[in-house]
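Breakdown of the fold
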Amino acid sequence: MEQVGQMPCPLVKEEGEGVKWVRKELRGMDGRFKIANREALIGVALALFNFGWWFFFAYGLGDASPEDYSYVFGFPAWFFYSCIVGFLVMVALVIIVVRWWFVEVPFDEEESS
Amino acid sequence: MNAVVVSLFIFLIIIFIIGFWSSRSLNQVPEDSFLQEYFLGGRKLGGFILAMTMIATYGSASSFIGGPGVAYTEGLGWVLLSMSQVVTGYFVLMILGKKFAIMARKYKAVTLIDFLKGRYESKAVVLLAAFSIIIFLFSAMAAQWVGGARLIESLTGLNYTTALFIFAVSVLVYVIVGGFRAVALTDTVQGVIMLVGTLLLLIATIIAGGGVQTIMSDLVAENPNLVTPYGAEGNLTPAYVSSFWILVGVAVVGLPQVTVRAMSYRSSKAMHRALIIGTIVVGFIMLNMHLIGVFARPILPGIEVGDKVMPMIAQEVLPPWLAGFVLAAPMAAIMSTVDSLLLLVSSAVVKDVYLNYVNPSATNATVKKWSFTVTAVLGIFVFLMALNPPDLLIWLNLFAFGGLEATFIWPVVLGLYWKKGNKYGALASMVVGIASYIIIDQFFPSLLGVHNVVFPIILSLIAYILGSMMTQVSHNPLTDQPH
C-alpha cells in the first residue's frame, strides 16, 4: 500500500481497497485493533457505570420530600453524591483506566509528515 | 461597562495574534499537504489542545448563555441534567479512539466524510453526508452568529448590525488565515478563559449569596422544588432527564465537528492526556456554569429572560474589569463553536463535493484558492442570514444537533467496529435517522416522555443492521464494485 506522494485526500484509486483494508484488519491481523476494541468496551462500561451512579443517587436520595432532605456541605445529599462526588469518581476512574489499561500504539506507518 | 468593552477588545486582539501566528505554519508546509494542514492542523495536536478544542467546540452558546438561564428557572434538576455531559469527556475519544485515528490515517481522511468514503466507497453515502452537514451545520452556525452578535450588543450597547459585523470580521479573519490549527489554538485560549472565568464567577456568586447553605435555604423558602431533581414545576421526569444522556452525552460521538477532532491528534499519548483533561474540564465547566445559574436566583430574583442571567450576575457580583474577562467566556464559547463549524462546512464543500466529484484533478493552488474563497463566501452568506434570521433557520438549528447525531452515529461507530456493516446499511441508517427524527419532531414530540432524538437513534441502528444483513449475500464487500 504505497501511498507516498499521492494527494492527501483519500484517493482510494484501486477498487475496493478501503473495504479490503477493513476486512483484513478486522480479521485480527493488526494487533492495534484488538487494543482499540478493548478500549472502546472500557468506554462503554465507564459510561454505564457513570449513568448508574448518577441515576441511583439522584433519584434514590432525591425522591424524598424536600423537607426531609439531608445536606452535605450545604448541598442536598442527592445532588452532592450524584453530581459532585459522581464527577470526582469518574475523573478518578478515567485516570486509573487510562494510566493502567490503555496501551500506547503508533498511528503512522506509511505517512510521516 | 467600559471595562467590559476593554476586556473583550483585548480578548479579540489576542485571538487575532494567534490566528496570524498559526498562519505561518500554513505557509511552511509542503504544497501537497495543504489540505491536511488547513482542515486538520497536520494531525499534530497534543493532548491539552485536543481536550480544549473538543470542549470549546462542543460547549456552545447554549451551555454558556442558555444553560445557566434554564438552571436559574428550573433549579438543581437542570444541573443534574447538565452533568450528563461529563460522559462526553471520555466517551467520544474512547469509542472512536485509536481505531478511528488509524483508519483515518489509512484513508488519508481529513474530514468525517473522507472516512465514510474510504469505509463505504459509495457516492450516495458521501453526497448524503455532505448534504446533511452543509444544511444542518450551516443553520447551527448562523444561529450561533446571532447569539454572538446579541451578546456584543448587550455588552457594548452597539446596535445589532454593527455588533454582528464586528463578530463576523473577527471570526472570518482568523479562520481564513489560520485554518484548523488557528482554530484549535484559539479554542485552547478560549477553553482556559471559560475554565478560569466560570470558577471566579462561581466563587463570587457564592460569596454574594452568603454561602451555599444560605442560598439553598433561600431557594427552599421560595420553592422547595428548586432543590429537587424534578425541576421547579416538578415536570422533569427521570425518563426525560436521562434521555439527555443520549442527546448531549453518548450520541455526541456522531457529531461531525467532534469526530473531526478525533482524527487530528498527534499520538496515542496525546489522546490519553486528552481523555483525562477533557473529563476534568468538561465536568468542571458544566457543574460551575449551571450552579451559577441556580445560585443567581436568590441574589437577583425575577429575571424574566434566561439569556440575561449570566451577563447580569457577572456584572452584579464582580468588579467591572473582571466581569469583562468572565463575560469573554461565553463570547469565547460562541466564537470557538462558530469557527469550527465554518471550517467544517467549507471542508464539506471544497473537499467532499468539489474535489471528489466536480474537479478531482484540481491542482494544489486551485484547492487553496477554493478553500479560502469558499470559507469567505460562506462567512458572508451566514452574515446576511444572521442579519435577519428566517424562521426556518431557527427551526433547523434546534433540529441540527439531534439530526446530525441520528444521521452519523451508526455509520461511524458500526463502520469502525462491525465488519459486516456496508454501504446499504449506512445509507438506510442515515435516511431512517433523518426521516424518523423529522416525523417524531413534527408529529409525536416527546414520545413516551423521552427526548425526540432517542427513537431515531434506535431506529437508525435497526436500519443499519437490517440494511447490512439483507445485502450480505448478493453484495459481498470484497466483490462489490464501488461506484
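Residues numbered from 1 in each chain as written. Chains lettered and ligands numbered in written order. Predicted model: local features only at pLDDT ≥ 70, side-chain atom pairs only at ≥ 80, totals over all residues. Heavy atoms only, no water.

Chain B has the name Sodium/panthothenate symporter in an unreviewed UniProt entry, where Halobacillus salinus is given as its organism. Taken from UniProt, the Subcellular location (unreviewed entry) comment for chain B reads in full: "Membrane". Regarding chain B, the UniProt comment filed under Sequence similarities (unreviewed entry) reads as follows: "Belongs to the sodium:solute symporter (SSF) (TC 2.A.21) family." (UniProt positions renumbered as here; feature names shortened; annotations may be inferred.)

This part takes up the overall build of chain A. The helix and strand tally for chain A stands at 3 helices and 2 strands. Pairs at least 24 apart in sequence give 58% of the contacts found in chain A among residues at least 6 apart. With an accessible surface of roughly 6,100 Å², chain A has 63% of that area assigned to carbon and sulfur atoms. (Helix = DSSP H or I, 4+ residues; strand = E, 2+ residues; numbered from the N terminus. Contact = heavy atoms within 4.5 Å. Areas by Shrake-Rupley, 256 points an atom, 1.4 Å probe, with all protein chains shown as cover.)

What follows covers a nonpolar patch on the surface. Residues and elements named next belong to chain B. Taken together, the side chains of V432, I458, L459, I462, L466 and M470 present a nonpolar region at the surface, about 530 Å² in accessible area. Ranked by residues supplied to the nonpolar patch, first place goes to helix α19 (residues 454-470) with 5 residues. Mapped onto the elements of the fold, M470 is located in helix α19. (Patch = residues over 30% accessible without salt bridge, like charges linked within 9 Å, V, L, I, M, F, W, Y side chains within 5 Å. Salt bridge = Lys/Arg side-chain N within 4 Å of Asp/Glu carboxyl O.)

We now examine helix α15 (residues 320-358) of chain B. All names here are of chain B. Relative to the 57 Å expected for 39 residues at 1.5 Å per residue, α15 spans 53 Å between its end C-alpha atoms, a close match to the ideal helical length. Along α15, the helix axis deviates most sharply at S347, where the bend reaches about 30°. Among the 39 residues in α15, 32 count as buried, and that is most of the element. (Expected span 1.5 Å × (residues − 1). Bend = angle between axes of the 7 residues up to and from the residue. Buried < 20%, exposed > 50% of the residue type's maximum accessible area, 1.4 Å probe, protein only.)

On to the packing of aromatic side chains, then. On inspection of all chains with the given rule, the structure shows 26 aromatic pairs over all chains. Ring centres of F51 of chain A and W245 of chain B lie 5.2 Å apart, and the angle between their planes is 85°; this geometry places the pair in the edge-to-face category. Placement of F51 of chain A in helix α2 (residues 31-61) and of W245 of chain B in helix α11 (residues 238-249) is noted, with the two residues assigned to different chains. You can call F51 of chain A partly exposed: its relative accessible area is 27%. Residue class for W245 of chain B comes out buried when judged on its relative accessible area of 5%. (Phe/Tyr/Trp six-rings, centres within 6.5 Å; stacked < 30°, edge-to-face > 60°.)

The next thing to look at is the nonpolar core. F79 of chain A together with Y90 and W145 of chain B are the most contacted members of the largest nonpolar core, which has 195 residues in total. Looking at this core element by element, the count peaks at 19 residues for α15 of chain B. The residues contacting Y90 of chain B, other than those within four sequence positions of it, are G43, L46, A47, N50, M90 and V94 of chain A together with L275 and T279 of chain B. (Core = buried A, V, L, I, M, F, W, Y, C linked by side-chain atoms within 4.5 Å.)

Turning our eyes to something else, we now look at the side chain of H290 of chain B. All names here are of chain B. Mapped onto the fold, H290 is located in helix α13 (residues 268-299). On the basis of relative accessible area, H290 is assigned to the buried category, the value being 2%. A polar contact of 3.4 Å, which involves the side chain of H290, links it to the side chain of S82. (Polar contact = N/O pair within 3.5 Å; in protein donor to acceptor, adjacent residues only side chain to side chain.)

Since the α-helix packs 3.6 residues into each turn, any two residues three or four apart lie on the same face. All names here are of chain B. Helix length check: helix α6 (residues 86-106) (21 residues) gives 31 Å between terminal C-alpha atoms against 30 Å at 1.5 Å per residue, within 8%. The element α6 is largely enclosed, with a buried count of 21 among its 21 residues. Directly beyond the C-terminal end of α6, a positive phi value near 50° is found at K108.

The geometry of a pair of packed helices is captured by two quantities: the angle between their axes and the separation between those axes. At a minimum axis distance of 10 Å, the contact between helix α3 (residues 77-101) of chain A and α6 of chain B shows a crossing angle of 20°. As far as their axial angle goes, α6 of chain B and α3 of chain A are roughly parallel. Taken as a pair, α3 of chain A and α6 of chain B cross one another with a handedness that is left-handed. Judged by residue contacts, F87, M90, V94, V97 and V98 of chain A of α3 of chain A engage V86, Y90 and M94 of chain B from α6 of chain B. The residue inventory of the contact of α3 of chain A with α6 of chain B, partitioned by class, reads 8 nonpolar, no polar and no charged. (Axes fitted to C-alpha atoms, helices over the stretch in contact; angles between N-to-C directions. Parallel < 35°, antiparallel > 145°, perpendicular 65-115°, else oblique. Left-handed = near helix turned anticlockwise from the far one by under 90°. Nonpolar A, V, L, I, M, F, W, Y, C, P; charged D, E, K, R; others polar.)

Looking now at the packing of helix α8 (residues 123-156) of chain B against helix α18 (residues 423-443) of chain B. Residues and elements named next belong to chain B. Closest axis-to-axis distance for the α8/α18 pair is 10 Å, and the angle between their directions is 30°. Considering the angle they form, α8 stands roughly parallel to α18. Handedness of the α8/α18 crossing: left-handed. The residues of α18 that touch α8, namely those facing A124, V125, L128, A129, S132 and F136, are K423, A426, L427, M430, V431 and I434. Each residue belonging to the contact of α8 with α18 can be placed in one class, and the counts come to 10 nonpolar, 1 polar and 1 charged.

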